Amino acid sequence: MNLPMRINFDEKDYTYLILTKGITKLTTEIHINLNDKEYQLVYNSKGDWDAVDATVNDHPGLLKAIGRNIKLRYRL
């Protein structure tokens, strides 16, 4: 069972779940659930996490912030 993680972005609180098990420094993609919608975050060459197939309505800034939050949490 995954515990919900929280992030504050643009003065709003969001809760998301990390669906990927066993995250290590070699992990290049992470699946998350945000607002009952699944997203795939992929590690790019710049060292950031980007959402695959995300649209403007999916708040790409929020997804990048979640990627940074996961990176700090798991020391990636």
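Quick caveat: nothing in here was measured; it's all calculated off a predicted structure. (Residues numbered from 1 in each chain as written. Predicted model: local features only at pLDDT ≥ 70, side-chain atom pairs only at ≥ 80, totals over all residues. Heavy atoms only, no water.)

## Re unusual backbone geometry
Here is step 1 of the chain: Phi at glutamate 11 is positive, roughly 60°, even though this residue is not glycine.
Here is step 2 of the chain: When you line up the elements, glutamate 11 lands in the loop between strand 1 (5-9) and strand 2 (12-18).
Here is step 3 of the chain: Residue glutamate 11 is classed as exposed on the basis of its relative accessible area of 79%.
Here is step 4 of the chain: Even without being a glycine, aspartate 36 presents a positive backbone phi close to 60°.
Here is step 5 of the chain: Mapping aspartate 36 onto the fold places it in the loop between strand 3 (29-34) and strand 4 (37-43). (Helix = DSSP H or I, 4+ residues; strand = E, 2+ residues; numbered from the N terminus. Buried < 20%, exposed > 50% of the residue type's maximum accessible area, 1.4 Å probe, protein only.)

## Comments concerning the pattern of salt bridges
Between side chains of opposite charge, pairing is possible as soon as their charged atoms come close.
Here is step 1 of the chain: Enumeration over the complete set of coordinates arrives at two salt bridges.
Here is step 2 of the chain: A salt bridge links arginine 6 to aspartate 13, with the shortest nitrogen-to-oxygen separation between them at 3.2 Å.
Here is step 3 of the chain: Note that lysine 64 and aspartate 50 form a salt bridge whose closest N and O atoms lie 2.5 Å from each other. With lysine 64 in helix 1 (residues 60-73) and aspartate 50 in strand 5 (residues 49-51), this residue pair connects regions lying 14 residues apart in the sequence.
Here is step 4 of the chain: Judged by relative accessible area, lysine 64 falls into the partly exposed class, the value being 33%. (Salt bridge = Lys/Arg side-chain N within 4 Å of Asp/Glu carboxyl O.)

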